[in-house]
Amino acid sequence: MSYSHTARGKFSIASWSESVIVDIDGGGTTAGDTYYPTRGANRATVSYSYSGDIDGTSTVVYLIAYKADAAPVLGLERFEGSIGGHDGTCVFQHIGSQDQGSVSARIEVVPGMGTGGLIDLRGSADLSIAGPGDSGYEFVLSYDIG
């Protein structure tokens, strides 16, 4: 689907908390306070901050699979702020995959979950991240409102 508008911005991670749901093999690694199973699944609660045409904050809950190759990542994110000058809240659905060095995802606005100026928001973004994002990560949302 094509959309009439494009909002460009950057997002950065404000906080990240992750815990094990299932550890299939009983083996993995620990980094800081977080345990990452070699094969298994974790739940992560993440806060993001956005700047640019997309300006605001959000919280996302991810279900993250861990395995040797591309593993699924699913999430729901509640955004609060402004997109293209329209203030309100909306929910993004994340469907993607990750490996040891990168994440790619399709992000879509969940219809019927917006408020304020984002109540009728429709849109999507393709996200591809590799490596650390010390200055944030690019985010480009194609969208329509109304």
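Here's a quick rundown of the structure. A quick note: this is a predicted structure, and the numbers were derived from the prediction, not measured. (Residues numbered from 1 in each chain as written. Predicted model: local features only at pLDDT ≥ 70, side-chain atom pairs only at ≥ 80, totals over all residues. Heavy atoms only, no water.)

So, on to the overall build of the protein. Across its full length, the protein holds 0 helices and 11 strands. Tracing the protein from N to C terminus, the helices and strands come up as β-β-β-β-β-β-β-β-β-β-β. For 146 residues, the compact-globule estimate of 2.2 N^0.38 gives 15 Å, and the protein sits close to it at 16 Å. C-alpha extents for the protein along the principal axes are approximately 50 × 30 × 20 Å. Residue burial in the protein is summarised as follows: out of 146 residues, 36% are buried. Looking at the protein alone, contacts between residues at least 24 apart form 50% of all its contacts between residues at least 6 apart. Element-wise, carbon and sulfur atoms account for 51% of the exposed surface of the protein, whose accessible area totals about 7900 Å². For the protein, the distance from the average site of its 8 positive side-chain charges to the average site of its 17 negative ones is 4 Å. (Helix = DSSP H or I, 4+ residues; strand = E, 2+ residues; numbered from the N terminus. Rg over C-alpha atoms; globule rule 2.2 N^0.38 Å. Buried < 20%, exposed > 50% of the residue type's maximum accessible area, 1.4 Å probe, protein only. Contact = heavy atoms within 4.5 Å. Areas by Shrake-Rupley, 256 points an atom, 1.4 Å probe, with all protein chains shown as cover. Lys, Arg positive; Asp, Glu negative; His and termini not counted. Charge placed at Lys NZ, Arg CZ, Asp CG, Glu CD.)

Within this structure, the stated rule accounts for 11 aromatic pairs. On the basis of an interplanar angle of 25° and a centroid distance of 6.1 Å, the ring pair of tryptophan 16 and tyrosine 62 is categorised as stacked. Taken as a pair, tryptophan 16 in strand 1 (residues 5-23) and tyrosine 62 in strand 5 (residues 54-66) lie far apart in primary sequence, 46 residues in all. Arranged with centres 5.6 Å apart and planes meeting at 70°, the rings of tyrosine 50 and phenylalanine 139 form a pair that is edge-to-face. Placement of tyrosine 50 in strand 4 (residues 40-52) and of phenylalanine 139 in strand 11 (residues 137-145) is noted, with a sequence separation of 89 residues between them. Accessibility assignment for this pair places tyrosine 50 and phenylalanine 139 in one class, buried. An aromatic cluster is built from Phe11, Tyr48, Tyr50, Phe79, Phe92, Tyr137 and Phe139, whose rings are joined through pairwise contacts. (Phe/Tyr/Trp six-rings, centres within 6.5 Å; stacked < 30°, edge-to-face > 60°.)

Attention now goes to the pattern of salt bridges. Tallied over the entire structure, the rule returns 7 salt bridges. The partner of glutamate 138 in a salt bridge is lysine 10, and the shortest N-O contact between them spans 3.7 Å. Taken together, the positions of glutamate 138 in strand 11 and lysine 10 in strand 1 put the pair 128 residues apart, joining distant regions of the chain. Its salt-bridge partner being glutamate 108, residue arginine 106 comes within 3.4 Å of it at the nearest N-O pair. We classify glutamate 108 as partly exposed; its relative accessible area is 34%. Taken together, the shared-partner salt bridges in this structure form one network comprising Arg106, Glu108 and Asp126. (Salt bridge = Lys/Arg side-chain N within 4 Å of Asp/Glu carboxyl O.)

This part takes up the pairing of strand 11. Alignment of strand 1 against strand 11, held across 7 bridges, turns out to be antiparallel. Counterpart to glycine 9 in the pairing with strand 11 is phenylalanine 139. Summarising the sheet, strand 10 (residues 121-130) and strand 11 pair through 4 bridges and their orientation is antiparallel. Each bridged residue has a counterpart across the sheet, and for glycine 123 the counterpart in strand 11 is tyrosine 143. Connecting strand 10 to the antiparallel partner strand 11 that follows it, the hairpin turn spans 6 residues, and glycine 131 within it adopts a positive phi of roughly 85°. (Pairing = 2+ DSSP bridges.)

Fair warning: the whole summary comes from geometry, so function is off the table for now.
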